[in-house]
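# Working through the structure, step by step
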Amino acid sequence: MPLVSHSAYQPPFYMFNGHLQTIVPSLWRSVPDVRYQRERVETEDGDFLDLDWSRRPDGQATDTLAIVSHGLEGDAGRPYVRGMVRALNHAGLDALAWNYRSCSGEMNRLLRSYHLGDTDDLDFVVRYALGTARYRRVFLTGFSAGGNVTLKYLGENPARVPKEVQRAAVFSVPTDLKSSSHHIARLENRIYLNRFMKTLREKMRQKAALLPGQVDLTDIDTLQDFPQFDDRFTAPMHGFKSADEYYEHASSGRYLSGIRIPTLLVNAQNDPFLPASCFPREVAAQSPYLFLETPADGGHVGFGEGAPDGPYYSERRAVEFLTAEVPR
């Protein structure tokens with residue numbers, strides 16, 4: 001029954017609520033001491049993915065790779081990704097932070113983008129990394145949307161997951177996308193939603209410029225929330241009939257019972273993005289593989305412990321869980 005009964009996380013005194021625990025790390029954290037080597041790989045459908053590699057700092061070879069999946073409208077350069085990469089490197093692991101389609105600074109080529117249930121691209125990245133013949137073990141970690149993709153990948157078809165993928169640790173995950181999409185639209189969360197909507201609309205404009213006549217931008221500025229945007233763009237571009245069908249298919253919560261490797265899910269109880277349905281206590285209580293930790297504090301993709309630029313609890317906890325002899 002892998003319900004973690006006690007969390008060691010304690011926020012610093014100046015981050016005294018979930019909003020501060022979310023905003024301070026996002027806006028005021030810097031992680032300059034990570035050096036990426038970017039590689040562009042062609043996908044089987046004629047598109048591309050940009051992969052950012054970071055080898056362990058001592059230059060020694062390792063047989064273990066950790067793959068990091070970023071959040072909605074994020075990229076490998078975000079501080080929370082760089083902080084995790086740094087922690088993994090210092091623990092003796094190579095790290096690979098991959099950028100979703102349209103998220104690496106260049107619009108992808110096709111009439112599609114990324115979405116929160118797209119496990120095929122994660123599977124492609126895993127198999128590409130294993131194809132280098134450098135690694136015999138792979139760990140997965142992800143934040144928010146990237147955590148949802150990771151959990152869905154592990155649970156929807158366990159037989160597809162290569163045996164080298166041995167553990168996972170994810171943070172701030174909206175396991176119920178429909179409820180989460182409405183939760184973030186609450187008045188107190190509009191500052192976050194508006195920021196996401198701004199970048200999503202801009203990407204649709206870029207896509208329309210890249211593919212003239214294939215993207216209808218009529219009334220795009222009237223779309224005010226995720227269900228409206230996803231119904232108009234995300235769902236039809238990726239083969240779904242509606243936003244509701246997309247949310248049903250893409251939500252990792254329905255696949256958690258299928259996970260077959262030790263997996264840590266850490267969702268803070270004061271996360272402003274997550275409704276009660278994103279705390280799958282019953283599933284974790286019945287699963288021998290899903291370890292659910294629900295600290296009182298942490299915010300969304302937060303978990304800072306001291307100064308904004310220092311190490312974070314999410315990084316320490318991920319390394320602890322992924323590298324422990326017996327995960328706990």
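To start, this report covers the structure provided alongside it.

Reading guide: rules and limits
- Residues numbered from 1 in each chain as written.
- Predicted model: local features only at pLDDT ≥ 70, side-chain atom pairs only at ≥ 80, totals over all residues.
- Heavy atoms only, no water.
- Helix = DSSP H or I, 4+ residues; strand = E, 2+ residues; numbered from the N terminus.
- Buried < 20%, exposed > 50% of the residue type's maximum accessible area, 1.4 Å probe, protein only.
- 1 Å grid on protein atoms, 1.4 Å probe; cavity = no way out; pocket = protein on both sides within 12 Å on 5 of 7 lines; lining within 4 Å.
- Points joined across faces, edges and corners; volume = space filled by probe spheres on them.
- Nonpolar A, V, L, I, M, F, W, Y, C, P; charged D, E, K, R; others polar.

With that settled, consider unusual backbone geometry. Even without being a glycine, A133 presents a positive backbone phi close to 65 degrees. Position of A133 relative to the elements: it lies in the loop between α3 (119-131) and β6 (137-143). Judged by relative accessible area, which is 70%, A133 ranks as exposed. The phi torsion at F303 lies on the positive side, around 70 degrees, for a residue other than glycine. Residue position: F303 is located in the loop between β9 (290-293) and α10 (313-323).

Moving on to the layout of surface pockets. Volume-wise, the largest pocket comes out at about 580 Å³. Of all the elements in the fold, those that place two or more residues in the lining of the largest pocket are α1 (18-28), α2 (79-90) and α6 (190-210). Across the lining of the largest pocket, the residue classes break down as 11 nonpolar, 6 polar and 3 charged. Approximately 310 Å³ is the volume attributed to the second largest pocket. For the second largest pocket, the lining is made up of 18 residues, of which R101, D118, T119, D120 and D121 are closest to its centre. Every element with two or more residues in the lining of the second largest pocket is listed here: α3 and α4 (145-156). Looking at the lining of the second largest pocket element by element, the count peaks at 6 residues for α3.

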